[in-house]
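Next come the chains, spelled out residue by residue.
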2 protein chains.
Amino acid sequence: MTTTTEENYLKAIYHLSSRHQKSVLTSEIAGSLSTTSASVTDMLKKLSDKNLVEYERYKGVRITRKGEKVALSIIRRHRLWEVFLTDVLKFKWDEVHDMAEELEHVSSDELVKRLDSYLGYPKFDPHGDPIPDTNGKVPANGQQLLSEMTSTGTYVISGVNDHSPAFLQFLEKKGLVPGTVFSIMEIDGFDHSMHIEFQNRKSTYISKEVSRNILIKSHA
Amino acid sequence: MTTTTEENYLKAIYHLSSRHQKSVLTSEIAGSLSTTSASVTDMLKKLSDKNLVEYERYKGVRITRKGEKVALSIIRRHRLWEVFLTDVLKFKWDEVHDMAEELEHVSSDELVKRLDSYLGYPKFDPHGDPIPDTNGKVPANGQQLLSEMTSTGTYVISGVNDHSPAFLQFLEKKGLVPGTVFSIMEIDGFDHSMHIEFQNRKSTYISKEVSRNILIKSHA
DNA sequence: AAATAAAATTAGATTAGTCTAAAATTAGAA
DNA sequence: TTCTAATTTTAGACTAATCTAATTTTATTT
Ligand SMILES: [Mn+2]
Ligand SMILES: [Mn+2]
Ligand SMILES: [Mn+2]
Ligand SMILES: [Mn+2]
């Protein structure tokens, strides 16, 4: 029905859509998939013919309900496989993304269903991203960006926005993995760097570059 | 390095090679992959350029040691995934082949290694086929074709040669699954049909069509 | 040893996905 | 509002994999 390439385009368009309300631009997609605008234009026509996106020449593209359903099903598979790789095969959270990029295209619905059941119906993947259910509903997670916090308070790390191994390994080294509880002690007025303290009283500094890629929830 | 298509050709050539000593013919490969001889000829040139097969125009093809290593690594992945699907996700043995056909092309070696370890280093897949090790060594299994038996005796079913769901479901219905112990009571001289008896004294008849697709070992 | 049949290869197209370079359109600055 | 710059689309080409139809080679009969 949809090829691996089409699926990757839909996933990219879906993710880019969730970053703003406007139509997704050709160049955004090209950047996100490391391809050329010319290739993207070709594919947008193809996806439009299949009613997976609404495309208007020079105006960018919006994903349709039908396209969104496909994207969410691929994202569901991706995140379930990531849970499998970390929880069952004991991979580290910075090692699983590329394998999941391949596994997400394995097409059997029954396989995904059984995998979900075997994993105990997880709601979030190892990076704190929510796993859409079979109907494409994404569990609400009350996550906020650490960089958006303006006052002191105690929080728990729930996920990340940058999934690159380099960033994940950096967080690991700093002790900033999902589940970690910490308090914001001070936010610098000039560069928005944060002074945070862990429960064991140790503390560290975080640049805005880092805080804008960390997702948090307030700590009970 | 190798595309999914190239991997499927190598697997087919490897399997066909093991059926006879001679070179594998273009038409055999075309038949096995449900494609045309013209397409096969094109691919044989490509595989030959990569030193994965030795190809001589009009003379058929032999797989090289290098090509065999690739084929065995794909077969290893296929069979390990089949074990995962039956043992872990509880699929039936007639349901797993098509999923394994997709999963076998997921490229991470580390994934296969961890899967193998998680499954407890199985030596055979759910259909009784041996799982090659990392070095491409195939465990000897002392299997024989049921149709080759010429005298009475007691045996245990260890595998099958026909992996189609239809055949596997037929075997299931007849109670002829791997592990089943039975005795050959009589072999008909005319059509080679066999009268066999199970350990519980129940008995049934098996046509040559069926017995030539059942693998057995002698029972201790 | 021809003639014929079977098998394999080549020739020429097609589709999916990609690219570079040129042309068209839109948006921003003067 | 007109000019310029950035973005986007088209045009044309390429690779991988496939097909049909025509040609060539090999094998089998007469
Ligand atoms: Mn991922
Ligand atoms: Mn993830
Ligand atoms: Mn199989
Ligand atoms: Mn098998």
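A. Region of interest: the overall build of chain A. If you tally the helices and strands in chain A, you get 8 helices and 8 strands. A compact globule built from 220 residues should have a C-alpha radius of gyration of about 17 Å, and chain A, at 19 Å, falls within 12% of that. On the principal axes, the C-alpha backbone points of chain A span a range of 60 × 45 × 25 Å. Residues counted as buried form 46% of the 220 residues belonging to chain A. Put simply, 61% of the contacts in chain A that link residues at least 6 apart link residues at least 24 apart. For chain A, the exposed area adds up to about 11600 Å²; of that, 49% sits on carbon and sulfur atoms. The centroid of the 28 positive side-chain charges in chain A is displaced by 4 Å from the centroid of its 30 negative side-chain charges.

B. Looking closely at the pattern of salt bridges. All names here are of chain A. Counted under the stated rule, the structure contains 21 salt bridges over all chains. Across the salt bridge formed by arginine 212 and glutamate 209, the nearest N and O atoms sit 2.8 Å from each other. Classification of arginine 212 by relative accessible area gives partly exposed; the value is 40%.

C. Main features of the packing of aromatic side chains. Following the criterion strictly, the structure yields 8 aromatic pairs over all chains and no others. Ring centres 6.1 Å apart and planes at 85° place the aromatic pair tryptophan 81 of chain A and tryptophan 81 of chain B in the edge-to-face group. With tryptophan 81 of chain A in helix α4 (residues 65-88) and tryptophan 81 of chain B in helix α4 (residues 65-88), the pair connects residues from two separate chains. On the accessibility criterion, tryptophan 81 of chain A (1% relative accessible area) is buried. Ring geometry for tyrosine 155 of chain B versus phenylalanine 182 of chain B: centroids 6.2 Å apart, planes at 40°, classification tilted. Here the residue tyrosine 155 of chain B occupies a position in strand β4 (residues 153-160), and phenylalanine 182 of chain B occupies one in strand β5 (residues 181-187), the gap between them amounting to 27 residues. A relative accessible area of 10% means that tyrosine 155 of chain B is categorised as buried.

D. Region of interest: helix α6 (residues 109-118) of chain B. Of the residues making up α6 of chain B, those classed as buried are Leu111, Val112, Leu115 and Asp116 of chain B. In a view along the axis of α6 of chain B, the buried residues occupy a sector of 135°, so they form one face of it. Residues of α6 of chain B that are exposed and point over 90 degrees away from its buried face: Asp109 and Lys113 of chain B. On its buried face, α6 of chain B sits against α4 and α5 (97-103) of chain A together with α4 of chain B. One side-chain oxygen of the residue at the start of α6 of chain B lies 3.4 Å from the amide nitrogen of glutamate 110 of chain B, identifying that residue as serine 108 of chain B. Positive phi appears at glycine 120 of chain B, one or two residues downstream of α6 of chain B, with a value of about 85°.

E. Representation of the relation of the copies chain B and chain A in the model. The operation relating chain B to chain A is a screw motion whose rotation component is 180°, with 0.0 Å of axial translation and a residual RMSD of 0.1 Å. Given the turn and translation reported, the copies of this chain are related as if by a two-fold rotation axis. Every residue of chain B has its C-alpha some distance from the rotation axis, and the shortest such distance is that of leucine 103 of chain B, at 3.7 Å. Same-surface contact between copies: 100% of interface residues of chain B are shared with the interface of chain A.

F. Summary view of the coordination of the manganese ion (ligand 3). Residues and elements named next belong to chain B. Here the manganese ion (ligand 3) is held by His78 (NE2), Glu82 (OE) and His97 (ND1), and the distances to it run 2.0 to 2.2 Å. Read N to C, the donor residues that coordinate the manganese ion (ligand 3) are spaced as H-x3-E-x14-H. Assessed through its relative accessible area of 1%, glutamate 82 is described here as buried.

G. Inspection of the domain arrangement of chain A at higher detail. Residue and element names in this part refer to chain A. Each assigned domain of chain A is listed with its residue range as follows: domain 1 (4-63), domain 2 (74-139) and domain 3 (144-218). Each of domain 2 and domain 3 has a C-alpha centre, and the two are 25 Å apart. Across the domain 2 to domain 3 interface the summed buried area is about 820 Å²; carbon plus sulfur atoms make up 60%. It is Trp93, Asp94 and His127 in domain 2 that bury the most area against domain 3; as a group they hold 69% of the surface buried on that side. Of the residues that constitute the side of domain 2 that touches domain 3, the class distribution is 3 nonpolar, 2 polar and 2 charged.

H. Main features of the protein's contact with DNA strand C. By nearness alone, 21 residues border DNA strand C, and Thr3, Thr35 and Lys46 of chain A together with Lys45 and Tyr55 of chain B come closest of all. Put simply, 79% of the atoms of DNA strand C that lie within 4 Å of the protein are in sugar or phosphate. Tyrosine 9 of chain A is positioned such that a nitrogen or oxygen atom in its side chain is 3.5 Å from a phosphate oxygen of DNA strand C. Here a phosphate oxygen of DNA strand C and a backbone polar atom of tyrosine 58 of chain B are 3.0 Å apart. For the surface near DNA strand C, the element with the highest residue contribution is helix α3 (residues 37-49) of chain A, accounting for 5 residues. Residue composition of the surface near DNA strand C, by class: 8 nonpolar, 9 polar and 4 charged.

Cut-offs used in this document
- Residues numbered from 1 in each chain as written.
- Chains lettered and ligands numbered in written order.
- Predicted model: local features only at pLDDT ≥ 70, side-chain atom pairs only at ≥ 80, totals over all residues.
- Heavy atoms only, no water.
- Helix = DSSP H or I, 4+ residues; strand = E, 2+ residues; numbered from the N terminus.
- Rg over C-alpha atoms; globule rule 2.2 N^0.38 Å.
- Buried < 20%, exposed > 50% of the residue type's maximum accessible area, 1.4 Å probe, protein only.
- Contact = heavy atoms within 4.5 Å.
- Areas by Shrake-Rupley, 256 points an atom, 1.4 Å probe, with all protein chains shown as cover.
- Lys, Arg positive; Asp, Glu negative; His and termini not counted.
- Charge placed at Lys NZ, Arg CZ, Asp CG, Glu CD.
- Salt bridge = Lys/Arg side-chain N within 4 Å of Asp/Glu carboxyl O.
- Phe/Tyr/Trp six-rings, centres within 6.5 Å; stacked < 30°, edge-to-face > 60°.
- Arc of directions from axis to C-beta.
- Polar contact = N/O pair within 3.5 Å; in protein donor to acceptor, adjacent residues only side chain to side chain.
- Least-squares fit on C-alpha atoms with pLDDT ≥ 70 in both.
- Donors = N, O, S within 2.8 Å, 3.2 Å for Na, K, Ca; no water.
- Domains from an automatic or database assignment.
- Buried area = accessible area lost by both parts, 1.4 Å probe.
- Nonpolar A, V, L, I, M, F, W, Y, C, P; charged D, E, K, R; others polar.
- Near = heavy atom within 4 Å.

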